Amino acid sequence: MATVTTAEHRSLTFLRIAVALQTSAIFFQAVTAGVLLSSSHGEVLHSAGARVMYAASMLHVLAAILAWRPGGGSPRPILYASGFLVLASVQVVLGIAHVPSLHVPLGVLMFGLSVLALAVGARGASSSVSRSGRA
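Since the structure is predicted, the reported quantities are computational estimates derived from the model, not experimental observations. (Residues numbered from 1 in each chain as written. Predicted model: local features only at pLDDT ≥ 70, side-chain atom pairs only at ≥ 80, totals over all residues. Heavy atoms only, no water.)

This paragraph deals with the overall build of the protein chain. A count of helices and strands for the protein chain gives 4 helices and 0 strands. Contacts spanning at least 24 positions in sequence make up 66% of the contacts within the protein chain whose residues lie at least 6 apart. When the accessible area of the protein chain is evaluated, it comes to approximately 8,200 Å², of which 73% is carbon and sulfur surface. (Helix = DSSP H or I, 4+ residues; strand = E, 2+ residues; numbered from the N terminus. Contact = heavy atoms within 4.5 Å. Areas by Shrake-Rupley, 256 points an atom, 1.4 Å probe, with all protein chains shown as cover.)

Residues L15, A18, V19, V61, A63, A64, A67, I78 and A81 constitute the largest nonpolar core, which totals 9 residues. When contributions to this core are tallied by element, the ones reaching two or more residues are α1 (6-38), α2 (42-71) and α3 (76-96). At 4 residues, α2 tops the list of elements feeding residues into this core. If sequence neighbours within four positions are ignored, A18 has contacts with L59, H60 and A63. Counting residues in each nonpolar core, the second largest holds 8 residues, with A25, I26, M53 and A88 among its members. (Core = buried A, V, L, I, M, F, W, Y, C linked by side-chain atoms within 4.5 Å. Buried < 20%, exposed > 50% of the residue type's maximum accessible area, 1.4 Å probe, protein only.)

Right, let's talk about the side chain of H103 for a bit. Position of H103 among the secondary structure elements: in helix α4 (residues 100-131). Separated by 3.3 Å, the side chain of H103 and the backbone nitrogen of G95 make a polar contact. Beyond its immediate chain neighbours, meaning those up to four positions away, H103 contacts H46, Q91, L94 and G95. (Polar contact = N/O pair within 3.5 Å; in protein donor to acceptor, adjacent residues only side chain to side chain.)

On to the packing of aromatic side chains. Inspection of the entire model under this criterion finds 1 aromatic pair. Where F27 meets F111, the ring centres are 6.0 Å apart and the plane angle is 40°; that geometry is what we call tilted. With a gap of 84 residues between them, F27 in helix α1 and F111 in helix α4 connect regions that are remote in the sequence. By relative accessible area, which is 47% here, F27 ends up partly exposed. (Phe/Tyr/Trp six-rings, centres within 6.5 Å; stacked < 30°, edge-to-face > 60°.)

In this model, α3 (21 residues) spans 31 Å end to end at C-alpha, consistent with the 30 Å of a helix rising 1.5 Å per residue. If you check which residues of α3 are buried, you get I78, A81, F84, A88, Q91 and L94. Positive phi appears at H98, one or two residues downstream of α3, with a value of about 55°. (Expected span 1.5 Å × (residues − 1).)

On to unusual backbone geometry. Excluding glycine, most residues fall at negative phi; most peptide bonds, likewise, are trans. Despite not being glycine, H98 shows a phi value in the positive range, around 55°. Following the sequence through the fold, H98 ends up in the loop between α3 and α4.

Averaged over every residue, the pLDDT of the protein chain is 87; residues scoring 70 or more account for 86%. Looking over the protein chain, one finds the lowest element-wise mean pLDDT in α4, namely 83, and the highest in α3, namely 96. Note on residues 129-135: pLDDT is under 50 here. Beyond four places in sequence and across chains, it has 8 contacts. (pLDDT = per-residue confidence, 0-100.)

Now the structure itself:
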């Protein structure tokens, strides 16, 4: 049976927290996009949320690297996180350029992908606990 070390466990926990933060930030962006349509305060909230979402995407990349390094596992999460950071960069450019016809659908796609990453991370958490022999 493979056991999960404390360092690996912490790294994986950090990765799951980073993905959860990213998903929450994208959801906040969806909410503030609605506020943007109905209030003058929406632009400030959406702009601040964009910065948080982008920072969360960078944190996701960092967390993926840290989760890969201690255990020598698959670098696949780094590729996913990096791809997501590219999507976030495109999203920021589209938002600044005021191209809602691409900005909105890309935001929906990003939210879906982030929820999927969150679900896969949660599923991985239950399998790593069972592999370590803990209930």
